[in-house]
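Descriptive structure summary
So you can see what is in the structure, the chains are spelled out below.
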Amino acid sequence: MSTATADAVMDYDEAMAKFDPVMGLEVHVELHTATKMFCGCPAEFGAEPNSQVCPVCLGLPGALPVVNEKAVESAIRIGLALNCEIAEWCRFARKNYFYPDMPKNFQTSQYDEPIAYNGHLDVELEDGTVYRVEIERAHMEEDTGKSLHIGGATGRIHGADHSLVDYNRAGIPLIEIVTKPMTGAGERAPEVAKAYVSALRDLLRALDVSDVKMEQGSMRCDANVSLRAKAGDPTSPEQLAVPLGTRTETKNVNSLRSVERAVRYEISRHAAILDGGGSILQETRHWHEDTGITTSGRVKSDAEDYRYFPEPDLVPVAPTRELVEALRGTLPENPAARRKRLQSDWGYSDLEMRDVVNAGAVELIEQTVAAGASAGAAKKWWLGEPSRRANAEAQDIVTYAAGLGLTPAHIAELDGLVVSGRLNDSMARQVLDGVLAGEGTPTAVADARGLELVQDDGALEAAVDKVIEANPDVAAKIRDGKLQAAGALIGQVMKEMKGQADAGKARELILAKLQ
Amino acid sequence: MTDLPTDLTRATASALADALAAGTVSSVEVTQAHLDRIAAVDGQVHSYLHVDTEGAIAQAREVDERRRAGESLGALAGVPIAVKDVMTTKGVPTTCGSKMLEGWIPPYDATVVTKLREAGLPILGKTNMDEFAMGSSTEHSAYGPSRNPWDLERIPGGSGGGSSSVLASFQAPLATGTDTGGSIRQPAAVTATVGTKPTYGGVSRYGLVALASSLDQAGPCGRTVLDTALLHAVMGGHDPMDSTSIDAPVPPVVEAARAADVKGMRIGVVKELGGEGYQPGVRARFDESVALLQELGAEVVEVSCPNFEYALAAYYLILPSEASSNLAKFDAMRYGLRVLPEGVDDPSAEQVMAATRDAGFGPEVKRRIILGTYALSSGYYDAYYGSAQKVRALIAQDFDNAYGRVDVLVSPTAPTTAFKLGDKLEDPMAMYLNDIATIPANLAGVPGMSIPSGLADEDGLPAGIQILAPATKDERLYSVGAALEAALVDRWGGPILDRAPALGDAAAVKGA
């Protein structure tokens, strides 16, 4: 039974003064293979419920699984990218438990023989600190169907009138990536958790094995948290020698922000219990995005015995070393190394690069530069209005831009209009607004709105003369060498020209006339 | 070519195939003759759970038309067949002898069924079996037992007693079976018919409702070794839908059956199979058969397989373990029976699952699910499932050692002739012992066959001899089986089934 009331929590800093947190993250990733793990049904997201099913993924009597070779290759590539060893021989196993969204009432998974094991991923925090996450294993399994509970307030099974099950998701290939206990992060544990999931997402995206859309469930995170008594610096031998405390497993933490918040919340909740002399119940917890708390799920002590045994319907997976090495050759550049290279190519400061990374705009800028824009302009435009609006919509910028049809080619074109002198900055911003409003390409928007710098030097000169005449005091200051005063005159010239003038040219003219 | 008997149901499949190819008889005639026979005798034998009269005639008509159009057809095209109810048949009910699947119409054909259809064998219907193939008598069928045509008060073997009794009562010339621990071979032995469990992976398991995945193997059933070989060739071969299917051509079983040659073959008599617990009449017929094989030019030696004594124990851990998981899918959520719990207003899915499984599964199925669930439980896994797997490896090693010395092994198929209905129903261990000689082959994945060895002196009922060969050497079964069959039929003066009592007369039903 879940409790509706919120638990007591301890102030985070106080908790950190008394306890040392240890985490373990389990991330499930849906592979975007063309077909499912054990049958030929399409693995696409978003189809009509129960339209992508067959006797195998519906678990009809008599049906048998056949392993998707592409999924095995993706699993091996993920393992290699996480610096894992790849098993020479491993088997699938059946995880037995009854649930309506699981057609066979067992999940075909891997148990004590994962395809990949003993790896690590180096994760860079916002300030540049690198934390090494040790990877326990990455194993293959199939996804379950999706239950939809109708009626009731929570959308959960309790209180629902009835439930519907969509088996389209049943049998989609999943890779479960499990970390070893993550120690030594100390007060930065929540941040490390988020950075790890983020780095993993980048890596999986670079591998092109998954859509990694947390909001669609193609990447899902379960966060295990435990506390132990504080015994010194988080990485000190004294601290590492303290035995691990009892953990809770918070399920389905499905955004980067939530990963950080949920870990932080559980730390504070554990701390309050332990500090009050209580003990932690080993259980699963449900994360509530809206209220920012977790509630009790299933108590682990009466957890089911999954009765794992080797899947007799499948033959062992035994990738040859030649295959493994060939797959190693297909690995993309490590995202962290790639970022370092791009930063150097683009000439960004650390702070600028971090802004770009945090905005999720690395790929967009890379493509924009490739389309002909300068790195500085690409950053300026993407991190401006598009980024601001994406944030306001709580979307990542790639998804947001794609939704509006704003492409790197558009930004490069916009930059080209500025560089060529057709638009000034303020006009370019108006053009971008038009593009974001769906009015067409930058050139089309500029044409339609009649935005173009006046190239008629005579008109500009007349405007400059008029402004100098109207502002003798300012003109005198400039004559005396106070060049910064020119700004005031430029502003008035622009006003005279109704904004359609090249500010640089106006400045040149003013200085020429007053010196 | 031999002339067909007036009663087409008495003909062998190979004779029917020849006559069909020659055009002296049509598939519709042959199929109709069998449907008539079913109508006349199945009330007594209860071999079929479902007879597909219309479907069978439609398929027969189609084959006849294709033949008239000059199409080249398979060797058995037009010969009707009975299919064990454990194989899915698109549009035709498939129950596995269980209430759990009563009324379920599969949306797809098992690969074996697809192959039968493509080869032009009209499917007469679905044959009875112990529920989910768990049993040695068909008494565990939820739809009542089949009866042994030799004595209607006796069991026809199991789980494939529907298929064996179909053949022995001439309700079909061919039938399919599945053999997890002897479900093809033991029914063949007690009804004086022939049945082969091919090498594991030799016949696709796709569409066979699984009992124990690592042991299940589909195979052919017939009245003669050649008929069985012809069907084996149709059923076998690689199937990409079954990962455990062997990617190699079907062994040359038909050629071997036609050659029927054992000269120079080394035959091993398994010392551990045939001693205590074997009925004297069964043992006597077995010894005679071995002597005959020697006369035919085979070299016979005794071979010891010391670990076979642990086979039954290992089998009854591995089978229930896998079965407990395979049968978990029967939960009332997607197909089959759905029972609502009594006295519960708004039952949860879990309560419906429990009520359905309680009502839908029979006692033997429940017994094995409980056994398997226990054996796989954390803390018991190593002692039970783990140890059983080690025994399994030792048994495979025994076979390897034996096949280092001999080409095939032989033993009695079952320790006794057919027992009476009800005799062993309350004693699971006694029932399980029926498969003592057949189980080792399933554990090791090697092929085995049972052919009639004669009638036991003490009860006049059929006994069988089992032939075992190394994995993928299925053809050796047919070399030995066909040679021995020819010698025995010669000695008997005709097929042994000619001695079975006539059916169709109400008086023949004892106690009716």
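Residues numbered from 1 in each chain as written. Chains lettered and ligands numbered in written order. Predicted model: local features only at pLDDT ≥ 70, side-chain atom pairs only at ≥ 80, totals over all residues. Heavy atoms only, no water.

What about the overall build of chain B?
- Along chain B, the regular secondary structure elements total 16 helices and 11 strands.
- Its C-alpha atoms give chain B a radius of gyration of 22 Å, near enough to 24 Å, the size a compact globule of 512 residues would have.
- Taken over the C-alpha atoms alone, chain B extends approximately 70 × 55 × 50 Å along its principal axes.
- Taken across its 512 residues, chain B has 64% of its residues classed as buried.
- Sequence separation of at least 24 residues holds for 75% of the intrachain contacts in chain B that already meet a minimum separation of 6.
- Working note: accessible area of chain B is about 17,400 Å², and carbon and sulfur atoms make up 52% of it.
- With 41 positive and 62 negative side-chain charges, chain B shows a separation of 1 Å between the mean positions of the two kinds. (Helix = DSSP H or I, 4+ residues; strand = E, 2+ residues; numbered from the N terminus. Rg over C-alpha atoms; globule rule 2.2 N^0.38 Å. Buried < 20%, exposed > 50% of the residue type's maximum accessible area, 1.4 Å probe, protein only. Contact = heavy atoms within 4.5 Å. Areas by Shrake-Rupley, 256 points an atom, 1.4 Å probe, with all protein chains shown as cover. Lys, Arg positive; Asp, Glu negative; His and termini not counted. Charge placed at Lys NZ, Arg CZ, Asp CG, Glu CD.)

Quick notes on the confidence of the model for chain B
- On average, chain B scores 96 in pLDDT, and the residues at 70 or more come to 98%.
- Contacts of residues 506–512 of chain B to residues separated by more than four positions or lying in other chains number 8 contacts, the stretch itself having pLDDT below 50. (pLDDT = per-residue confidence, 0-100.)

Quick look at the nonpolar core
- Within the largest apolar cluster, 208 residues are counted, with the highest numbers of intra-cluster contacts made by A:Ile177, A:Tyr196, B:Leu76, B:Met87 and B:Phe132.
- For this core, the leading source of residues is helix H3 (residues 189–207) of chain A, giving 11 residues.
- Those residues in contact with A:Ile177 that lie beyond four places of it in its chain are A:Leu25, A:Glu26, A:Val27, A:Val29, A:Ile78, A:Leu82, A:Ile135, A:Arg137, A:Ala138, A:Tyr196 and A:Leu200.
- With 33 residues, the next largest nonpolar core counts A:Val362, A:Ala378, A:Leu417 and A:Leu451 among its residues. (Core = buried A, V, L, I, M, F, W, Y, C linked by side-chain atoms within 4.5 Å.)

Describing the packing of helix H10 (residues 311–326) of chain B against helix H12 (residues 363–375) of chain B
Residues and elements named next belong to chain B.
- Two elements in contact, H10 and H12, have axes whose closest approach is 7 Å; the angle formed by their N-to-C orientations is 100°. Compared by their axis directions, H10 and H12 come out roughly perpendicular. Where H10 approaches H12, its residues Tyr 316, Leu 317, Leu 319, Pro 320, Ser 321 and Ser 324 are matched on the opposing element by Arg 368, Ile 369, Leu 371, Gly 372, Thr 373 and Ala 375.
- By residue class, the composition of the contact of H10 with H12 is 7 nonpolar, 4 polar and 1 charged. (Axes fitted to C-alpha atoms, helices over the stretch in contact; angles between N-to-C directions. Parallel < 35°, antiparallel > 145°, perpendicular 65-115°, else oblique. Nonpolar A, V, L, I, M, F, W, Y, C, P; charged D, E, K, R; others polar.)

Things to note about the sheet that holds strand S3 (residues 93–96) of chain A
- Pairing within the open sheet is antiparallel, and its 3 strands lie in the order S4-S3-S14 (chain A). Taken across any chain shown, the strands that pair with only one partner, and hence form the sheet edges, are strand S4 (106–109) and strand S14 (309–310) of chain A.
- Examined bridge by bridge, S3(A) and S14(A) share 2 bridges and lie antiparallel to one another. In the strand pairing of S14(A), A:Ala93 is matched with A:Pro310.
- On top of the sheet, H10(B) reaches S3, S4 and S14 of chain A; it is set at about 60° to S3(A), its chief contact. (Pairing = 2+ DSSP bridges.)

With respect to the interface of chain A and chain B
- Opposite the 31 residues of chain A that make contact, chain B presents 39 residues.
- Buried area between chain A and chain B, summed over both chains or domains, comes out near 2,600 Å², and the portion from carbon and sulfur atoms is 60%.
- Per-residue buried area on chain A facing chain B is highest for A:Pro61, A:Leu64 and A:Arg307; these three make up 23% of the total on that side.
- At the boundary of chain A with chain B, the tally comes to 1 salt bridge.
- Ionic pairing is found between B:Arg205 and A:Asp313, a salt bridge with its closest N-O pair at 3.0 Å.
- The interface formed by chain A and chain B includes 17 residue pairs in polar contact (both at pLDDT 80 or more).
- Looking at the side of chain A that touches chain B residue by residue, the classes come out as 22 nonpolar, 4 polar and 5 charged. (Buried area = accessible area lost by both parts, 1.4 Å probe. Salt bridge = Lys/Arg side-chain N within 4 Å of Asp/Glu carboxyl O. Polar contact = N/O pair within 3.5 Å; in protein donor to acceptor, adjacent residues only side chain to side chain.)

Some words on the environment of A:Phe106
- Here A:Phe106 shows up in strand S4.
- In the structure, A:Phe106 is positioned 201 residues away from A:Arg307 in sequence and 9.7 Å away in space, judged by C-alpha atoms.
- Among all residues touching A:Phe106, those that are not within four sequence positions of it are A:Arg94, A:Lys95, A:Asn96, A:Tyr97, A:Glu142, A:Glu311 and B:Ser325.

Regarding the packing of aromatic side chains
Residues and elements named next belong to chain A.
- One pass over the structure, following the stated rule, counts 20 aromatic pairs over all chains.
- Measuring from centroid to centroid gives 5.5 Å for Tyr 97 and Tyr 306, while their planes differ by 65°, and the two rings are edge-to-face. With a gap of 209 residues between them, Tyr 97 in the loop between S3 and S4 and Tyr 306 in the loop between strand S13 (293–299) and S14 connect regions that are remote in the sequence.
- Of the residues examined, Tyr 97 reaches a relative accessible area of 18% and is grouped as buried. (Phe/Tyr/Trp six-rings, centres within 6.5 Å; stacked < 30°, edge-to-face > 60°.)

So, the side chain of B:Asn307
All names here are of chain B.
- Position of Asn 307 among the secondary structure elements: in the loop between strand S8 (299–303) and H10.
- The class for Asn 307 is buried, based on a relative accessible area of 15%.
- Not counting the four nearest positions on each side in its chain, Asn 307 is found in contact with Leu 394, Ile 395 and Asp 398.

Thoughts on the domain arrangement of chain A
- Here chain A is partitioned into domain 1 (12–327), domain 2 (335–449) and domain 3 (457–514).
- A straight line from the C-alpha centre of domain 2 of chain A to that of domain 3 of chain A covers 31 Å. (Domains from an automatic or database assignment.)

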